[in-house]
Amino acid sequence: MAKKKGKTRAEFRKKHQGRVRDADLTRQFRQRPEENSIEDAVQAERLSGKGALTRKKTIAGAEREVDDDGGLQVDLKVDQTNLVQGRVLSVHGLQSKVLGQDDNLYACSTRQVLKSLATDQRGVLVAGDRVWFRIEHRDGVGRMSASQRAGAIRLEGAGENSALGGQSDQIVVADGMIERIEPRHGIICRASRGKQHVIAANVDALLIIASAAEPGIKPVLIDRMLLTAAQCEIEPIIVINKVDLVDFASLQALVGVYASLGYRVLPTSAETGQNLEYLRAFLKQRQTALAGQSGVGKSSLLNAIEPGLGLAVSHVSAENQKGRHTTTASRLIPLSDGGAVFDTPGIRQFQLWDIEASEVAGLMPDLRPYVSHCRYPNCLHLAEDDCAVKNAVADARIDARRYDAYCHLLEDDLVA
Ligand SMILES: Nc1nc2c(ncn2[C@@H]2O[C@H](COP(=O)(O)OP(=O)(O)OP(=O)(O)O)[C@@H](O)[C@H]2O)c(=O)[nH]1
Ligand SMILES: [Zn+2]
């Protein structure tokens, strides 16, 4: 259990009143998508469900066409038959590395008009985006055999994290120009200075990795990541690695709590190979983000699943770790059987980010059914009267350990 900070509930609650008002402001900000980013606009367009096939919409001060599925298109005369579909592996300034459906890697620029759709131009494309692009120069074709290139592309995805390093210049077969960005789902954002920055798009699943020992399990970290998965509407799966180091019986109570809430919990060992076949099957055909504190075995699991990936397994000091986790640069590593994983320093250990205190209970599946029955609409389920959540805890409809976890999430993470 995480350490308490010695605040009284009254102090804690007082401090949170301000937070709740902040939450309302944030919500207002989100409700004016035309002043925000493409994904906000697209999301709003999809949610509005007005049903026109295409329509003009003012985004970032300019009138644009928006498809019925929310896709942004430069102009409808773009001849899609000459375009190649691909997914963005990484973004480097104005250029993106795009893995084409033909399994070649392209260095792509983005049409200026697409960039102008975003108020924050740096954020126009992110790893995981699905795009349509036009091939412009084929200078590099043939420098590597197809199979050499397939292996090298995976290493390129692994990039700096790979023990072998990227070999991008040799494997890019051509330049390209991105003409269209497909609508996004499963967006992981990071808030900074009041703005949402998307750091991964089209995330189908979030692999929450903990380890049974070295380091031991910290339920509050798992809970935080589950909240983020719920907030981003991304399917979570909890992996407990290094089970070779403990007697599994010692984990059963914890596994039982999460399993009874309907979460998938998978005990694994990168060392003995336990359940790696299951994990491999899960990762197939999905874009999965990996999260978990340093040293739990994220790189080891990936290396075991995809031999030849060569991700560096860390033996680094705590001091070095701090530096490694400051960047949010996102990379998508394609796997040989069609899946892909995001190995994004910014996602690995994420905190609560922009989740407000008032939102936490609604993101916990066992607390959620009660929150609307509290007397006060802004109830934080702490010291308030007539609180349906606390009543449910009192008569054991909510597991007391989960209410405890809720209090820890609020006290330890939101009142920092
Ligand atoms: N016994 C045992 N050791 C493991 C297992 N998985 C990983 N390790 C060891 O744990 C250490 C850390 O593994 P990494 O794969 O680098 O962990 P990581 O989560 O990628 O760490 P960061 O890159 O710092 O985020 C290494 O010494 C691994 O050999 C496992 O299943 N069992
Ligand atoms: Zn309440």
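All residue numbers here refer to positions counted from 1 along the written sequence of the relevant chain. In the order they appear in the text, chains get letters beginning with A and ligands get numbers beginning with 1. Totals for whole chains, interfaces and linings use all residues, but because this is a predicted model, local features are given only for residues with pLDDT of at least 70 and pairs of side-chain atoms are given and counted only at 80 or more.

Going by the annotation in an unreviewed UniProt entry, the name recorded for the protein is Small ribosomal subunit biogenesis GTPase RsgA, with Neorhodopirellula lusitana given as the source organism. UniProt positions are given in the numbering used here, feature names are shortened, and annotations may be inferred rather than shown by experiment. Quoted verbatim from the Subcellular location (unreviewed entry) field of the UniProt record, the comment on the protein reads "Cytoplasm".

A. Local environment of the pairing of strand E5 (residues 95-100). If DSSP finds at least two bridges between two strands, the strands pair. Secondary structure counts use DSSP, requiring at least four H or I residues in a row for a helix and at least two E residues in a row for a strand, with both numbered from the N terminus. Note that strand E4 (residues 84-92) and E5 share six bridges and pair antiparallel. Each residue of the ladder has a partner; that of Gly-86, found in E5, is Gly-100. Hairpin connection between E4 and E5: a loop of two residues separates the two successive antiparallel strands, and Gly-93 in this loop has a positive phi of roughly 60°. With four bridges joining them, E5 and strand E6 (residues 105-110) adopt antiparallel strand pairing. Its bridge partner lying in E6, Val-98 is registered against Tyr-106. Between E5 and the antiparallel strand that follows it, E6, lie four residues; Asp-103 among them carries a positive phi value of about 70°.

B. Focus on the site of ligand 1. Placing a C-beta atom from the backbone of each residue, we mark the residue near a molecule or strand if the atom is within 6 Å of it. For ligand 1, the set of nearby residues contains 18 residues, the closest of which are Glu-271, Gly-297, Lys-298, Ser-299 and Ser-300. Residue contributions to the shell around ligand 1 peak at three residues, all from helix H9 (residues 298-305). All residues other than Ala, Val, Leu, Ile, Met, Phe, Trp, Tyr, Cys, Pro, Asp, Glu, Lys and Arg, Gly among them, are scored as polar; the first ten of these are nonpolar and the last four charged. Along the lines of polarity and charge, the residues of the shell around ligand 1 split into four nonpolar, nine polar and five charged.

C. A look at helix H6 (residues 219-232). Here H6 is 14 residues long and its end C-alpha atoms lie 20 Å apart, about the 20 Å a rise of 1.5 Å per residue gives. The burial label depends on the number of other C-beta atoms within 10 Å of a residue's C-beta. Counts of 20 or more mean buried, 12 or fewer mean exposed, and intermediate counts mean partly exposed, with C-beta atoms placed from the backbone. Inspection of H6 places Leu-221, Ile-222, Asp-223, Arg-224, Met-225, Leu-226, Leu-227, Thr-228 and Ala-229 among the buried residues, and these make up the whole buried set. Downstream of H6 by a residue or two, Glu-233 has a phi angle that is positive, lying close to 55°. Here the expected length of a helix is defined as 1.5 Å per residue gap, with one fewer gap than residues.

D. Fine view of the packing of helix H8 (residues 276-283) against H9. Interaxial distance between H8 and H9 falls to 10 Å at its minimum, and their mutual angle equals 85°. It follows from the interaxial angle that H8 and H9 lie roughly perpendicular. On H9, the residues that touch Leu-276, Leu-279, Arg-280 and Leu-283 of H8 are Leu-301, Ala-304 and Ile-305. Its residues assigned to classes, the contact of H8 with H9 comprises six nonpolar, no polar and one charged. Between N-to-C directions, angles cover 0 to 180 degrees, with each direction set by a line fitted to C-alpha atoms, over the stretch in contact for helices. Orientation categories follow fixed angle ranges, with anything under 35 degrees roughly parallel, anything over 145 roughly antiparallel, 65 to 115 roughly perpendicular, and all other angles oblique. Any residue pair is listed as a contact if its two C-beta atoms, each placed from the backbone, are within 7 Å.

E. Region of interest: the sheet that holds strand E13 (residues 264-267). If you trace the six strands from one edge of the open sheet to the other, you get E13-E12-E11-E14-E16-E15, paired in mixed fashion. Edge positions in the open sheet fall to E13 and strand E15 (332-334), since each of these has one partner strand only. Direction aside, neighbouring strands of the sheet carry axes that sit 25° apart on average. In the sheet, strand E14 (residues 287-291) pairs with strand E16 (residues 340-342) via three bridges, with the strands oriented parallel. Of the residues in E16, the one forming a bridge with Ala-289 is Phe-342.

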